[in-house]
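Next come the chains, spelled out residue by residue.
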Amino acid sequence: MSSRPALADHLLSLSAPRAAARLMPSVVAARATQDFAVPAAHVRLVDSAATATDFTAAMERLLLRRSTVGFDAEWRPDAQGVRSEPSLLQLAEETGDVWLLDVASTPAPPLAALHSVMASDAVRVLGFGFAADFERCRFPVARRVVDLRDACASASASGTARGLAAELAQHAGLRLDKTEQCSDWQRRPLSAAQIAYAAADAACLHRLDAALDATAARDEREYRAAAADAPSATLAA
């Protein structure tokens, strides 16, 4: 009889990380072998008047169609009761482009454009633990937010969600490097590692969202198939 780890490995080889995770969650998290990263050509740092104009134009185009974006924010870890303000805001488009707004260097128009995206009924905003980002960023409103942490909790047998890296490994079979998570986000210039991390942290939400949708669709098909095969219940006269 096959061991549980061996069967989990077999399911991973069949591109079925969700099924493998149901059997052995620790195996899936440990053996997610494909690193997730955003190609440098798709990372757009907004830190000047010229790049701010580019971002504003991109957001205006975004608002003209129904779309989905991934959002995240970075700030220096709070220390000794001192609350840190957001230093970097990340927005990942479905096209693969990721915008990194350097808050200290970004003029007002791009921030207003970001607020318009958050307030739009046409834009679906993906987050992970979004409440903390929303509160820290002081957005006036965010209309169509999908918090993938809640979605992961709903899909879990325990009813709780783990961190983003663990959930991405389980559901999508991808490894997310979180080394820079608690780095000094107020230091300038940002390091290449920080920029790569920030872009991946927002862009991977699209992959997690797609993996959760695929799982939900598969579960629905399996449920319908099981219901169709079940004998019809009859009521006694």
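Throughout what follows, the structure given in this document is the object of discussion.

Examining the layout of surface pockets
So, step 1. Taken as a whole, the largest pocket encloses approximately 460 Å³ of empty space.
So, step 2. Mapped onto the lining of the largest pocket, the elements with two or more residues apiece are strand E3 (67–75), helix H6 (130–137), helix H8 (164–172) and helix H9 (192–229).
So, step 3. With 5 residues, the single largest contributor to the lining of the largest pocket is E3.

So, the nonpolar core
So, step 1. Among the nonpolar cores identified, the biggest contains 27 residues, and Phe36 and Leu208 are the most heavily contacted of them.
So, step 2. Elements with a minimum of two residues in this core: strand E4 (86–92), strand E5 (98–102), helix H7 (148–155), H8 and H9.
So, step 3. At 10 residues, the largest contribution of residues to this core is made by H9.
So, step 4. Residues Leu101, Val117, Val123 and Cys137 belong to the second largest nonpolar core, which totals 23 residues.

Focus on the pattern of salt bridges
So, step 1. What the rule picks out here adds up to 11 salt bridges.
So, step 2. Where Asp54 meets Arg44, a salt bridge forms, and the shortest distance between an N and an O atom there is 3.5 Å. With Asp54 in helix H4 (residues 49–62) and Arg44 in strand E2 (residues 43–46), this residue pair connects regions lying 10 residues apart in the sequence.
So, step 3. What makes Asp54 partly exposed here is its relative accessible area of 35%.
So, step 4. Overall, Arg44 belongs to the partly exposed group, its relative accessible area being 31%.

Reading guide: rules and limits
Residues numbered from 1 in each chain as written. Predicted model: local features only at pLDDT ≥ 70, side-chain atom pairs only at ≥ 80, totals over all residues. Heavy atoms only, no water. 1 Å grid on protein atoms, 1.4 Å probe; cavity = no way out; pocket = protein on both sides within 12 Å on 5 of 7 lines; lining within 4 Å. Points joined across faces, edges and corners; volume = space filled by probe spheres on them. Helix = DSSP H or I, 4+ residues; strand = E, 2+ residues; numbered from the N terminus. Core = buried A, V, L, I, M, F, W, Y, C linked by side-chain atoms within 4.5 Å. Buried < 20%, exposed > 50% of the residue type's maximum accessible area, 1.4 Å probe, protein only. Salt bridge = Lys/Arg side-chain N within 4 Å of Asp/Glu carboxyl O.

In short, the description is geometric, and any link to function would need to be established separately.
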